[in-house]
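Chain residues, written in single-letter form:
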There are 2 protein chains.
Amino acid sequence: MLASKLYSPTLREIPSDAEIASHQYMLKAGMIRKNGNGLYSFLPLGRRVELKIEAIVREEMDKTGAQEIMMPIVQPAEIWHESGRWDAYGPEMFKLTDRHDNKYCLGPTHEELITTLVRNELRSYKQLPLTLWQMQNKYRDEIRPRLGLMRSREFVMKDGYSFDADEAGLHQNYQIMYDAYTRVFTRCGLQFKQVEADSGQIGGSHTHEFMALAGAGEAEVVSCSQCDYAADIEKATPAPIEMAAETPGNVELIETPHCATIADLAEFLQIPVEKTIKAVAFNIDGKKTVLCMVRGDHEVNDVAVQNFVGGNAIEPATEEELKAHGLQPGYMSPMDADTPDNETFFVLVDPTAMNVPNGVTGANKLGYHYKNVNAKRDFKNVTVTTIRNMTEGDCCPKCGAPVNIMRGIEVGQVFELGTKYSESLQATFLDQDGKAKPFYMGCYGIGVTRTMAAIIEQYHDEHGIMWPVAVAPYKIAVLPLNMKDEEMASVATDLYETFLAQTPDVVLDDRKERAGVKFNDADLIGYPVQVVVGKDTKTNGTVEVKVRRTGVKEIVPKEQAVARVQEILAELQAKNM
Amino acid sequence: MLASKLYSPTLREIPSDAEIASHQYMLKAGMIRKNGNGLYSFLPLGRRVELKIEAIVREEMDKTGAQEIMMPIVQPAEIWHESGRWDAYGPEMFKLTDRHDNKYCLGPTHEELITTLVRNELRSYKQLPLTLWQMQNKYRDEIRPRLGLMRSREFVMKDGYSFDADEAGLHQNYQIMYDAYTRVFTRCGLQFKQVEADSGQIGGSHTHEFMALAGAGEAEVVSCSQCDYAADIEKATPAPIEMAAETPGNVELIETPHCATIADLAEFLQIPVEKTIKAVAFNIDGKKTVLCMVRGDHEVNDVAVQNFVGGNAIEPATEEELKAHGLQPGYMSPMDADTPDNETFFVLVDPTAMNVPNGVTGANKLGYHYKNVNAKRDFKNVTVTTIRNMTEGDCCPKCGAPVNIMRGIEVGQVFELGTKYSESLQATFLDQDGKAKPFYMGCYGIGVTRTMAAIIEQYHDEHGIMWPVAVAPYKIAVLPLNMKDEEMASVATDLYETFLAQTPDVVLDDRKERAGVKFNDADLIGYPVQVVVGKDTKTNGTVEVKVRRTGVKEIVPKEQAVARVQEILAELQAKNM
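None of the values given here were measured: they were computed from a predicted structure. (Residues numbered from 1 in each chain as written. Chains lettered and ligands numbered in written order. Predicted model: local features only at pLDDT ≥ 70, side-chain atom pairs only at ≥ 80, totals over all residues. Heavy atoms only, no water.)

Visitor: Quick rundown of empty space enclosed by the protein? Include the residues and the values.
Guide: Enumeration over the complete set of coordinates arrives at four cavities of 30 Å³ or more. For the largest cavity, the calculated volume is near 100 Å³. Lining the largest cavity are Tyr40(A), Phe42(A), Asn137(A), Leu149(A), Ser152(A), Glu154(A), Phe155(A), Val156(A), Thr449(A), Met70(B), Met71(B) and Pro72(B). Taken together, the elements giving at least two residues each to the lining of the largest cavity come down to strand S2 (39–42) and strand S8 (154–164) of chain A. Examining the composition of the lining of the largest cavity, we find that three residues originate from one element, S8(A), more than from any other. Residue classes in the lining of the largest cavity are distributed as eight nonpolar, three polar and one charged. Along its surface, the second largest cavity is lined by Met70(A), Met71(A), Pro72(A), Tyr40(B), Phe42(B), Asn137(B), Leu149(B), Ser152(B), Glu154(B), Phe155(B), Val156(B) and Thr449(B). Element by element, the count of residues in the lining of the second largest cavity is highest for strand S8 (residues 154–164) of chain B, at three residues. Here the lining of the second largest cavity is built from residues that sort into eight nonpolar, three polar and one charged. (1 Å grid on protein atoms, 1.4 Å probe; cavity = no way out; pocket = protein on both sides within 12 Å on 5 of 7 lines; lining within 4 Å. Points joined across faces, edges and corners; volume = space filled by probe spheres on them. Helix = DSSP H or I, 4+ residues; strand = E, 2+ residues; numbered from the N terminus. Nonpolar A, V, L, I, M, F, W, Y, C, P; charged D, E, K, R; others polar.)

Laid out in structure tokens, this is it:
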């Protein structure tokens, strides 16, 4: 490709809503453009990267024997009513109506569709196991699309679905996909962790997320400093922390003006925050009020709360509903509040909060707390269950060593769905005894466009992107510093054409731009290897070969340049760099 | 691929709404399944064919230097308001609303999006020409989706857009795409014609359709029996037909009971239908009534009518509006009717109708016609313009030889849009003099999934599909007649593995099915070459090699089978068979 022909309009000014490196650099380098809120076009460079990731996914899926299909994006409402998810999915699902007033959605996922697609046709245990997959646009009407391709409303996803006769088969298929995903992300050059996760909206039990580790990630990952334990923070269950015993004092009401936050309270009372017991309250599905108590320095894990209580939508509780249960916002605790009925009003206390000796907690009276509270003695009728997030320094649930908390971008997820959808949608097969049984299903997703963003989050510097060779839009850039210089132009063109005979992945920067502009653009776009044809080429017959990722430059006789570049590319690729 | 693993559920009963071969065979062979009205899933065999067509398109686009991009499917309403097409497009456009009450459509086409995408960024004549293209799902809310993939509501389209500084550049780009499309359809094995066409909704002037000739086609194509003239019937302008002169008689009112159709009338009066002048009336945009007069044996070309009168939506006129203009439904003519004002009421007469000597036409009185009508003498204040379809036997407008009328499936279209969208959306570039000018645009579409259907319409017999090698889901099928026979199974497996080492495009039918089932399925699915391993393999060491398209079978020593099959495939492919 000639740079003079390539449509990659670079930007000088980055829009203020582009907060993270991947979003900024893809805009700046002319790889994507925004066409609406959470809606993007992929320009030629961006599209090439996406197609390369798609090709890696396709190759690895082919290796597993999974078969590629393509289901409609527009899905009839009926099948979502059948599974019970039409309403449960909530406002994140784009819905539409056709000219005959029939209802549809833009598929956020395809469990309903795949299940109804195979039901009545995948009939015998002899046809199992079967895995079908597709790669296409998916839709989620995010309330606040942000971070470019990380959280857009239209995005490319690979989604696969496995069908097995029993749980053992499902486990096997799950492992096959787990391994294939590991190969996909490894080949994409990502640094990632497979973490235990919560199954959320999709349903099912056993599930792992593939997390690309990056500061811009929206997820938190718990990772053991010693063993291989890793989990999404939503899933990780911290062990209770023992606290040094004290002689229990008598509960005492104390005035604590202007202490609506735990930090204010600890400061005002001059006590460590670990001696306080903090309250957070939720409403679930508009029906249940849940008061959650954790130690002052801990955070509530709302997924754990939701999993414990049940229901679909969890939101902060309103002041009115709190007061209706005898709770005073800012000064809440189970003390002097209504007795939980565990139907409309729940009080959940984290085990570590139960261990706080002589703690301070809300008195349900504006401006007042209680001190010398010992939950085991003083909290009545509460439910003790782990509802806090793990924190840095907590112990690994597997080996007991301290854990680290890292940020991650969820680029893939594998689920064991079990029989959830095959039962609700009545998709069965006949087993060896001729009995109809529901399929054991698994589902497997890769965020293709999000993977693209995650790669940039991991591989960039202040000058731009540093693509791994396997997914770079072009692998080689030939940069003649002055196209008006006939000899430079001719050496560069010769090199370009020699590369081109071997690979389409080469760009010749034939623009009549200054050398600085060419260097900057090459670094911004992130071609893995740059071959500079400059004055030395004329005087010494050498070119400079620069590796974008390492910054290493070497001087090579121009006759050896092609061979050397191929060698470097092979080395980088072997290291998934 | 092992047939025992392939997910291709065959159907015995074809749904009654599958009327044409492509729809029937794709369902029967398990290539597609319907998930909703006009919404289909592609199963593994169907998806493979589609991916092969996509690969051919991509290769041919790459050769032209056009650059691949990917725009969003969901498009903001604003840009359609800007171009004025939000309302003009009508109910065929799927519209939707997001959670913040913003309006979007599912792109039926992308002129608005591409134009706003490049505006302000494609700035200089130096960047021109530029052609960008994509391949993705498109949406049309057809009032009556039918014919399977031929007229579905979700379909895969390749759409490309060119930008030029002037008309000469546009012509050049148009020709490049015209040639590329010719290569695409040739490689897909289609029999097709490039025909002059009407530009319709998209706008613009110069345009050709690529018509795959097939009886199931919804379009009619006029093709000269001598020269290379070919046009969509909507576009073809027939020459007036001279008729033998007669002495004009006096106009006479005659009673014609039960003669509301031209056939009834000719029968009743015992005159040739060519001696009648027929009326058809339209309403355009709810505002204009248009009475059209053609010779009794001719059909009105409503596109010609609309092009002449202007406006967006053309529909049959209602009885009320006809009567309001003095017209009697069933007995209409300009005689005794209102005088056309050419603003709300038009009377258009085809030149051939003007030539009918002593003809019969409606008297605008129930049960009565006039005879001895000579339009030149008797039709007052009418507009004479060609508004009829060409018919078999009409003369070629280019060379005068008789034309043939054929049916065709529109698989592609190339348009010269000119400045229609760049002007309405204010997309300009700076020319060499520093003046802002609107781009000259072209747009170019291929119906990818429709092409798949068209191929089947052309290549099938009573047993099933006969795929051209280039797009076949698998090129070779190895059919061991009895998998329980160890020798047959082993020879077949060896052959399969030898093929597999050379190409992924091979299937081994390892199912424990009867020979008849395997033959039937292989013919139904349409593998181009079938290698039968049967009893002769055991007795004589030979296999039978059958070419699906030609039906030719040959006996080949098993050791030579692989080489011979490759030879046959190369021969077929060289002939685009």
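Visitor: Break down the domain arrangement of chain A for me, citing the residues and quoting the values.
Guide: All names here are of chain A. Entries for chain A in the domain assignment read domain 1 (21–67 + 107–236 + 405–457), domain 2 (252–384) and domain 3 (466–574). Centre-to-centre, using C-alpha coordinates, domain 1 lies 36 Å away from domain 3. The interface of domain 1 with domain 3 comprises 16 residues on the first partner and 12 residues on the second. Looking only at domain 1, the three residues that lose the most surface to domain 3 are Leu45, Arg48 and Lys52, adding up to 41% of its buried area. Among the salt bridges present, the one from Asp505 reaches Lys52, with a minimum N-O distance of 2.7 Å. (Domains from an automatic or database assignment. Contact = heavy atoms within 4.5 Å. Buried area = accessible area lost by both parts, 1.4 Å probe. Salt bridge = Lys/Arg side-chain N within 4 Å of Asp/Glu carboxyl O.)

Visitor: Residue-level account of the packing of aromatic side chains, with values.
Guide: Taken as a whole, this structure holds 20 aromatic pairs over all chains when the rule is applied. Each member of the aromatic cluster is reached from another via a ring pair, and the members are Tyr178(A), Tyr181(A), Phe185(A), Phe192(A) and Phe210(A). Above the face of the Tyr474(B) ring, Arg48(B) is positioned so that its terminal group lies 4.0 Å from the ring centre. The positively charged end of Lys365(B) is found above the aromatic ring belonging to Tyr368(B), 4.5 Å away from the centroid. (Phe/Tyr/Trp six-rings, centres within 6.5 Å; stacked < 30°, edge-to-face > 60°. Lys NZ or Arg CZ within 6 Å of the ring centre and 35° of its normal.)

Visitor: Account for the sheet that holds strand S18 (residues 359–365) of chain A, with residues named and values stated.
Guide: Residue and element names in this part refer to chain A. Here we have three strands laid out as an open sheet, ordered S13-S19-S18, and antiparallel in their pairing. A single partner strand is all that each edge strand has here, and the edge strands are strand S13 (252–255) and S18. On average, adjacent strands in this sheet sit at an angle of 40 degrees to one another, irrespective of strand direction. With four bridges joining them, S18 and strand S19 (residues 368–373) adopt antiparallel strand pairing. (Pairing = 2+ DSSP bridges. Axes fitted to C-alpha atoms, helices over the stretch in contact; angles between N-to-C directions.)

Visitor: Please give an account of the pattern of salt bridges that cites residues and values.
Guide: Should their charged atoms come close, side chains of opposite charge can pair. Residue and element names in this part refer to chain A. In the structure shown here, the tally under the stated rule is 80 salt bridges over all chains. Residue Arg183 is joined to Glu60 by a salt bridge in which the shortest nitrogen-to-oxygen separation is 2.6 Å. On the criterion of sequence distance, the pair formed by Arg183 in helix H6 (residues 167–187) and Glu60 in helix H2 (residues 44–64) is long-range, its members being 123 residues apart. Bridged by salt links that share partners, the residues Glu59, Glu60, Lys63, Arg183 and Arg187 form one connected network.

Visitor: With reference to specific residues and values, describe the pairing of strand S21 (residues 403–418) of chain B.
Guide: Residues and elements named next belong to chain B. Within S21, 12 of the 16 residues are buried, which leaves it mostly tucked inside the rest of the structure. In terms of strand pairing, strand S10 (residues 207–213) meets S21 through seven bridges, oriented antiparallel. Opposite His208, over in S21, you have Val414 as the bridge partner. Judged from the six bridges that link them, strand S11 (residues 219–224) and S21 form a sheet pairing that is antiparallel. By the bridge assignment for S21, Glu220 is matched with Arg407. Two elements, S21 and strand S24 (residues 440–447), share six bridges in a ladder whose sense is antiparallel. The residue of S24 that forms the bridge with Gly412 is Ile446. (Buried < 20%, exposed > 50% of the residue type's maximum accessible area, 1.4 Å probe, protein only.)

Visitor: With reference to specific residues and values, describe the packing of helix H14 (residues 486–502) of chain A against helix H17 (residues 561–574) of chain A.
Guide: All names here are of chain A. In the contact formed by H14 and H17, the axes pass within 10 Å of each other and the chain directions differ by 45 degrees. The pairing of H14 with H17 is recorded here as oblique in orientation. For the pair H14 and H17, the crossing hand works out as right-handed. In contact with Leu495, Thr498, Phe499 and Gln502 of H14, H17 contributes Ala561, Val562, Val565 and Gln566. (Parallel < 35°, antiparallel > 145°, perpendicular 65-115°, else oblique. Left-handed = near helix turned anticlockwise from the far one by under 90°.)

Visitor: Tell me what's going on with the sheet that holds strand S29 (residues 529–533) of chain A, and back it up with residues and numbers.
Guide: All names here are of chain A. With respect to topology, five strands assemble into an open sheet ordered S28-S27-S29-S30-S31, the strand pairing being mixed. Because the sheet does not close on itself, it has two edges, and the strands there are strand S28 (506–508) and strand S31 (553–557). Sheet twist, expressed as the average angle between the axes of neighbouring strands with direction ignored, equals 20 degrees. Bridge count between S29 and strand S30 (residues 542–547): four bridges; the pairing is antiparallel. Counted as the bridge partner of Val532 is Glu544 from S30. Taken strand by strand, helix H15 (residues 515–525) contacts strand S27 (476–480), S29 and S30, and its axis lies near 170 degrees from that of S27.

Visitor: Can you explain the relation of the copies chain A and chain B? Please cite residues and give values.
Guide: Turning chain A through 180 degrees and shifting it by 0.0 Å along the axis lays it on chain B, with an RMSD of 0.1 Å. Such a turn and shift between the copies fits a two-fold axis. Of every C-alpha in chain A, the one belonging to Leu96(A) sits nearest the axis of rotation, 2.7 Å from it. In this assembly the copies share their binding face: 100% of the residues contributing to the interface of chain A also contribute to that of chain B. (Least-squares fit on C-alpha atoms with pLDDT ≥ 70 in both.)

Visitor: I'd like a description of the interface of chain A and chain B, backed by residues and values.
Guide: A common way to report how large an interface is uses the accessible area buried once the components associate. On the chain B side, the residues contacting the 51 residues of chain A number 51 residues. Of the roughly 4,600 Å² buried where chain A meets chain B, counting both sides, 56% is carbon and sulfur surface. Ranking the residues of chain A by area buried against chain B places Tyr7(A), Arg99(A) and Glu121(A) at the top, with a combined share of 16%. Across the chain A-chain B interface, the total number found is six salt bridges. The salt bridge involving Glu68(B) is made with Arg47(A); its shortest N-O contact spans 3.0 Å. Remark: the boundary between chain A and chain B carries 22 residue pairs in polar contact (both at pLDDT 80 or more). Split into classes, the residues belonging to the side of chain A that touches chain B amount to 31 nonpolar, six polar and 14 charged. (Polar contact = N/O pair within 3.5 Å; in protein donor to acceptor, adjacent residues only side chain to side chain.)

Visitor: So, H2(A): which residues are in play, and what are the values?
Guide: Over its 21 residues, H2(A) extends 31 Å from the first C-alpha to the last, a length consistent with the 30 Å expected when each residue adds 1.5 Å. Just downstream of H2(A) lies Gly65(A), where phi reads positive at about 85 degrees. (Expected span 1.5 Å × (residues − 1).)

Visitor: Please provide a residue-by-residue account of the state of the cysteines, values included.
Guide: Disulfides are covalent bonds that connect the sulfur atoms of two cysteines. Residues and elements named next belong to chain B. One pass over the full model with this rule turns up zero disulfides over all chains. For Cys395, which is in no disulfide, the shortest distance to another cysteine sulfur is to Cys396 and amounts to 8.5 Å. Cysteine Cys443 is unpaired, with the sulfur of Cys105 as its nearest cysteine sulfur at 16 Å. Classification of Cys443 by relative accessible area gives buried; the value is 4%. (Disulfide = S-S within 2.5 Å.)

Visitor: Give a detailed account of the side chain of Gln530(B), specifying residues and quantitative values.
Guide: All names here are of chain B. Its place among the elements puts Gln530 in strand S29 (residues 529–533). Relative accessible area serves as the criterion here: at 0%, Gln530 is assigned to the buried category. At 2.8 Å, the side chain of Gln530 forms a polar contact with the side chain of Asp523. Ignoring anything within four residues of it in the chain, the contact list for Gln530 reads Ala477, Leu479, Ala522, Asp523, Glu544, Val545, Lys546 and Arg548.

Visitor: Break down the environment of Glu220(B) for me, with residues and values.
Guide: Residues and elements named next belong to chain B. With respect to the helices and strands, the residue Glu220 is situated in strand S11. The class of Glu220 is partly exposed, set by a relative accessible area of 29%. With 150 residues separating them in the primary sequence, Glu220 and Met70 have C-alpha atoms 33 Å apart.

Visitor: Before we move on, could you go through the side chain of Ser422(B) and cite the residues and values that matter?
Guide: Residues and elements named next belong to chain B. Relative to the elements of secondary structure, Ser422 occurs in helix H12 (residues 420–424). For Ser422, a relative accessible area of 1% corresponds to the buried category. Polar side-chain contacts of Ser422 include one of 3.2 Å to the backbone oxygen of Thr419. For Ser422, the side chain forms a polar contact with the main-chain oxygen of Phe439, separated by 2.7 Å. Beyond its immediate stretch of four places on either side in the chain, Ser422 contacts Thr115, Ala427, Pro438, Phe439 and Met441.

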